[in-house]
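What follows is the residue order along each chain.
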Amino acid sequence: MIYKPFETLSLSRLGLGNMRLPTQGDKPDAPIDYDRAKQIVDLAMAQGINYYDTAYRYHSGESEPFLGRAMADYDRSSYCLATKFSYAANPDYKAVLEEQLTKLRTDYIDFYLLHALSDDNFADYTTCGCIDYFLEQKAKGRIRRLGFSAHASVETLNKMLDLGVWDFVQIQLNYFDWLYGTAKAEYEAITARGLPVMVMESVRGGRLSKLSPEAEAMLKAAHPDWSISSWAFRWLKGLPGVQVALSGMSNLEQLRDNLATFSDDRALTAEEEQLLFAACAAFRKEVSVPCTGCRYCCDDCPAQINIPAVLEVYNKYKTDGIWALERLKTIESVGKPADCVGCGACEGRCPQNIRVPQVMEALKGLLKDKA
């Protein structure tokens with residue numbers, strides 16, 4: 001395991017996220033499979049991982065108790081705990097912190113975060129009094145370092161950074177969001193203030209662990225012995241502002257693969273990064289429908305579906321996973337994918353020759369399975 005200094009600490013470059021632990025079944029609220037999850041923690045500790053990230057809401061509130069029990073076998077000074085306060089889950093920040101300390105079986109938290117900053121909850125976090133309280137707890141040593149995780153616009157991220165009280169920041173950072181999202185601007189905003197970056201969604205919830213056939217062939221031709229996931233982590237190792245890259249490893253195979261990647265400082269060369277970006281572009285092209293938002297398809301739609309908005313959500317699903325379909329509830333559209341009658345009027349008007357009824361049919365099936 002490779003390490004990077006942070007203040008008086010030496011943190012493993014790879015951290016174990018505790019949001020995707022193995023469970024007893026496939027249902028979203030299935031309980032954690034303690035024995036299998038404990039095997040992951042024990043191997044992680046044995047191989048030198050010393051940063052463990054959890055949150056109040058993970059695994060329906062059971063991640064923190066699991067981690068507290070699992071880490072009880074180890075000297076408290078041999079690892080760092082990171083957990084988070086979510087205003088949406090419970091705005092009573094004083095009670096939440098006490099509950100978390102109890103669940104984690106500890107009297108201090110090494111890295112404490114405000115959870116999932118967004119444009120919508122910025123005011124909640126900055127006016128409820130939690131920041132001042134957590135700073136008080138930091139002065140008492142019950143919180144060692146204070147930060148926040150962000151899924152916000154760059155503008156809101158900068159507003160939070162401007163408060164000037166943070167020791168670190170956690171963001172979604174990977175090569176896909178660097179190229180096609182706001183990750184690069186977020187990273188630069190944080191590092192410009194001299195703050196270290198903790199990385200979540202290093203492989204976008206597993207989406208960058210399996211690319212399209214063409215994209216994977218490009219990467220495998222260059223390094224047949226590298227896993228597809230390892231490309232994402234090696235790219236992160238090349239960013240000097242990254243402190244810890246988190247991975248929610250849900251089985252021993254994933255953990256062993258990541259441990260091999262972080263056994264040395266080997267990042268990507270400039271040529272390898274160029275190849276990765278080319279593969280990423282191929283992946284995005286293969287999984288996305290090329291809608292330009294011209295809206296020619298909408299005029300004759302008998303169901304009055306806002307087709308470009310629906311296609312945008314579909315593209316997000318293809319790169320982000322099933323959770324992205326929640327966005328269908330927020331778009332302005334009279335008709336929904338289920339209302340499509342497959343008449344094909346839209347196809348005749350689409351300059352990009354998108355087979356819209358086929359996409360709508362796929363969404364119907366996805367929404368049915370999700371329900």
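Up top is the structure.
What you see is a predicted model; the values in this text were computed from it and never measured. (Residues numbered from 1 in each chain as written. Predicted model: local features only at pLDDT ≥ 70, side-chain atom pairs only at ≥ 80, totals over all residues. Heavy atoms only, no water.)

## Quick look at helix H11 (residues 252-261)
Here is the rule we go by: In this scheme, a residue with accessible area under 20% of its type's maximum is buried, one over 50% is exposed, and one in between is partly exposed, where area comes from a 1.4 Å probe on protein chains only. Helix and strand assignments come from DSSP, with helices taken as H or I runs of at least 4 residues and strands as E runs of at least 2, each series counted from the N terminus. What the arc covers is the set of directions going from the helix axis to the C-beta atoms. The contact definition used throughout considers only heavy atoms, calling two residues in contact when any of these lie within 4.5 Å. Residues adjacent in sequence count toward polar contacts only when both atoms are side-chain atoms; beyond that, a polar contact is any pair of N or O atoms within 3.5 Å, and within protein one must be able to donate a hydrogen and the other to accept it.
Among all positions of H11, only Leu 255, Asn 258, Leu 259 and Thr 261 are buried. Angularly, the buried residues of H11 cover 155 degrees about the axis, an arc narrow enough to put them on a single face. Away from its buried face by more than 90 degrees, H11 exposes Glu 253 and Arg 256. In this structure, the buried side of H11 is in contact with strand S3 (14-17), helix H1 (34-46), helix H10 (228-237) and strand S10 (242-247). Capping the start of H11, Asn 251 holds a side-chain oxygen 3.1 Å from the backbone nitrogen of Glu 253, two or three residues further along.

## A short note on the sheet that holds strand S9 (residues 197-200)
What counts is decided by this rule: By this definition, two strands are paired if DSSP reports at least two bridges between them. Between the N-to-C directions of two axes lies an angle of 0 to 180 degrees, each axis being a line fitted to C-alpha atoms and, for a helix, fitted only over the stretch in contact.
The strand order around the closed barrel built from 8 strands is S3-S4-S5-S6-S7-S8-S9-S10, with neighbouring strands paired in parallel fashion. On average, each strand axis in the sheet is inclined to that of its neighbour by 30 degrees, with strand direction left out of account. Pairing analysis gives 4 bridges linking strand S8 (residues 168-172) to S9, with the strands arranged parallel. When the bridges of S9 are listed, Gln 172 appears paired with Met 200.

## Comments concerning the layout of surface pockets
To keep things clear, this is the line we draw: With a 1 Å grid laid over protein atoms only, a set of points is called a cavity when a 1.4 Å probe fits there but cannot get out and a pocket when it is open yet has protein on both sides within 12 Å along at least five of seven lines; lining residues have an atom within 4 Å of a point. Grid points are joined across faces, edges and corners, and a volume is the space filled by probe spheres set on the points. Under the convention adopted here, Pro, Cys and the residues Ala, Val, Leu, Ile, Met, Phe, Trp and Tyr are nonpolar, Asp, Glu, Lys and Arg are charged, and Gly plus all remaining residues are polar.
The space that makes up the second largest pocket amounts to roughly 170 Å³. Taken together, Asp 29, Ala 30, Pro 31, Ile 32, Tyr 34, His 59, Ser 60, Glu 62, Pro 65, Phe 66 and Arg 69 make up the full set of residues lining the second largest pocket. Sort the elements by how many residues they give to the lining of the second largest pocket and helix H2 (residues 63-70) lands first, with 3 residues. Partitioning the lining of the second largest pocket into residue classes produces 6 nonpolar, 2 polar and 3 charged.

## Quick look at the pattern of salt bridges
Basically, it comes down to this: Each salt bridge in this description consists of a side-chain nitrogen of Lys or Arg and a carboxyl oxygen of Asp or Glu lying within 4 Å of one another.
Going through the model one piece at a time under the given rule, you end up with 20 salt bridges. The residue Asp 33 makes a salt bridge to Arg 36 at a minimum N-O spacing of 3.4 Å. Using a relative accessible area of 41% as the deciding quantity, one classes Arg 36 as partly exposed. Bridged by salt links that share partners, the residues Asp 177, Arg 204, Lys 316 and Asp 320 form one connected network.

## Here's the deal with helix H3 (residues 93-103)
Residues of H3 that are buried include every one of Tyr 93, Val 96, Leu 97, Gln 100, Leu 101 and Lys 103, and no others. Down the axis of H3, the buried set is contained in an arc of 165 degrees. They therefore lie on one face. Buried-residue contacts for H3 involve H2, strand S5 (80-85), strand S6 (109-117), helix H5 (130-139) and strand S7 (143-150). Just downstream of H3, Arg 105 is the residue with a positive phi angle, here 55 degrees.

## Structural notes on the packing of helix H9 (residues 213-222) against helix H12 (residues 270-287)
The condition that has to hold: In this scheme, roughly parallel covers angles under 35 degrees and roughly antiparallel covers those over 145, while 65 to 115 is roughly perpendicular and the rest are oblique. The sense of a crossing depends on the near helix, which, turned anticlockwise from the far helix by less than a right angle, makes the crossing left-handed and, turned clockwise, makes it right-handed.
Between H9 and H12, whose axes approach to 7 Å, the crossing angle comes to 165 degrees. One way to sum up the angle between H9 and H12 is to call them roughly antiparallel. Pair H9 / H12 crosses with left-handed handedness. Of the residues in H12, those in contact with Pro 213, Glu 214, Ala 215, Met 218, Leu 219 and Ala 222 of H9 are Leu 275, Leu 276, Ala 278, Ala 279, Ala 282, Phe 283 and Glu 286.

## Looking at the pairing of strand S1 (residues 3-6)
Residues Lys 4 and Phe 6 point to one face of S1 and are all buried, whereas Tyr 3 and Pro 5, pointing to the other face, are not buried. Sheet analysis places S1 next to strand S2 (residues 9-12), joined by 4 bridges and oriented antiparallel. Looking at S2, one finds that Lys 4 is bridged to Leu 11. Connecting the antiparallel pair S1 and S2 is a turn made up of 2 residues, with Glu 7 showing a positive phi of about 55 degrees.

Worth remembering: the numbers are spatial, not functional.
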